[in-house]
Amino acid sequence: MKNIAVIGAGTMGNGIAHTFAQYDYNVQLIDISQTSLDKGMTTITKNLDRMVAKEKISEEDKQRTLNNITTHTSLEDGVNSVGLVVEAATENLDLKLKIFRDLDSFCANDTILASNTSSISITKIASVTSRPEKVIGMHFMNPVPIMKLVEVIKGYSTSDETYNLVKVLSEKLGKVPVEVNDYPGFVANRILMPMINEAIETLYNGVAGVKEIDTVMMLGMAHPMGPLALADFIGLDVCLSILNVMYDGFKNPKYAPCPLLVNMVMAGKLGSKSGEGFYDYSENRKAETVSKMFAK
């Protein structure tokens, strides 16, 4: 289990790769786009530089971490000699099913296949493989190098051996693994996303403005970040995808995404990664509230 593959060099993928590499695992970071790989490695380097500046690690630790990561644009080349694969691709069911079909073909029979999905059924993902007992969820929190929690999700056929191996591995990364059963949204997002959606509904109905809603939750409920700022940080497209998974899975209207969220995603206002969501993240307006009134 010292050889790990991570699929996807985006926000979660590069954070997962960073974490494994920092704990001296050999990491194969895989993405179909060389540009995404380069961007991911740049992010890892910047995050390590911050840790060096804060004297949390040494310059030697940084270089060792970077040396532990090898990048690939070929899935087959990247996974042919690893004990664990962690898939961290976009939260899209069809894409994940394709990746897991390919992994089942390319990986050794004893390789554990994990998904960092934040809401999609592990049982569904496992169903397209010939090894459902070796398929499991490892839902890391963002930012991965800092956040301690890992939701470890057992699918219907996930073996106790697979769960125990992943649990111990998570602990070796300095994380706190929590066992979760396979239902839409698991625990974290089943509770978090309805709260975020209700905050968006509150804005949509004109009850209060963006800053006012976030201030109430930070000062009144001791949240470190308001729900609308958090939605921007997560990505409004990701929030919408998770809510849709829960709405489809439970058929319960309480999980139906707010029309404002749907419209913002359609308009390309995805939060901090697109430069604008509920706040404006452009260079000259760092995280100012978007002046446009979103209420009905």
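- Named according to an unreviewed UniProt entry, the protein is 3-hydroxybutyryl-CoA dehydrogenase originating from Cochleicola gelatinilyticus.

### Re the pairing of strand 4 (residues 84-87)
Then comes step 1: Side chains Leu-84 and Val-86 project from strand 4 onto one buried face, and the interleaved Val-85 and Glu-87 project onto a second face that is buried too.
Then comes step 2: The sheet contact formed by strand 4 and strand 5 (residues 112-115) spans four bridges and is parallel. Across the sheet, Glu-87 pairs through a bridge with Ser-115, a residue of strand 5.
Then comes step 3: Chirality of the crossover, the property in question, places the unit of strand 4, helix 5 (residues 93-106) and strand 5 among those that are right-handed.

### Here's the deal with the UniProt feature "domain: 3-hydroxyacyl-CoA dehydrogenase C-terminal" (unreviewed entry) in the protein
Then comes step 1: The positions UniProt marks with the feature "domain: 3-hydroxyacyl-CoA dehydrogenase C-terminal" (unreviewed entry) are residues 185-281.
Then comes step 2: Across residues 185-281, the secondary structure splits into 62% helix and 2% strand, with the terminal C-alpha atoms separated by 28 Å.

### What to know about the packing of aromatic side chains
Then comes step 1: Applying the stated rule across the entire model yields three aromatic pairs.
Then comes step 2: Pairing Phe-20 with Tyr-25 gives two aromatic rings, centres 5.5 Å apart and planes at 85 degrees, and the pair type is edge-to-face.
Then comes step 3: Look at Phe-20 and you get buried, because its relative accessible area is 0%.
Then comes step 4: Tyr-25 sits in the buried class, given a relative accessible area of 6%.
Then comes step 5: Ring geometry for Phe-20 versus Phe-140: centroids 6.5 Å apart, planes at 70 degrees, classification edge-to-face. Of this pair, Phe-20 sits in helix 1 (residues 11-22) while Phe-140 sits in strand 6 (residues 135-140), and the two are 120 residues apart along the sequence.

### Remarks on the domain arrangement of the protein
Where interface size is given, it is often the accessible area lost as the parts come together that is meant.
Then comes step 1: When the domains of the protein are assigned, the result is domain 1 (3-181) and domain 2 (188-291).
Then comes step 2: A separation of 26 Å is found between the C-alpha centroids of domain 1 and domain 2.
Then comes step 3: Between domain 1 and domain 2, the residue contacts involve nine residues of the former and six residues of the latter.
Then comes step 4: Applying the counting criterion to the domain 1 and domain 2 interface returns zero salt bridges.

### Some points on the UniProt feature "site: Important for catalytic activity" (unreviewed entry) in the protein
Then comes step 1: The residues that UniProt annotates with the feature "site: Important for catalytic activity" (unreviewed entry) are His-139.
Then comes step 2: By the element assignment, His-139 lies in strand 6.
Then comes step 3: Leaving out residues up to four positions away in the same chain, His-139 has contacts with Ser-115, Asn-116, Thr-117, Ser-118, Leu-149, Val-150, Glu-151, Ile-153 and Asn-189.
Then comes step 4: One polar contact links His-139 to Glu-151, side chain to side chain, over a distance of 2.7 Å.

About the cut-offs
- Residues numbered from 1 in each chain as written.
- Predicted model: local features only at pLDDT ≥ 70, side-chain atom pairs only at ≥ 80, totals over all residues.
- Heavy atoms only, no water.
- Buried < 20%, exposed > 50% of the residue type's maximum accessible area, 1.4 Å probe, protein only.
- Helix = DSSP H or I, 4+ residues; strand = E, 2+ residues; numbered from the N terminus.
- Pairing = 2+ DSSP bridges.
- Right-handed = clockwise from strand over helix to strand, strands pointing away.
- UniProt positions renumbered as here; feature names shortened; annotations may be inferred.
- Phe/Tyr/Trp six-rings, centres within 6.5 Å; stacked < 30°, edge-to-face > 60°.
- Domains from an automatic or database assignment.
- Contact = heavy atoms within 4.5 Å.
- Salt bridge = Lys/Arg side-chain N within 4 Å of Asp/Glu carboxyl O.
- Polar contact = N/O pair within 3.5 Å; in protein donor to acceptor, adjacent residues only side chain to side chain.

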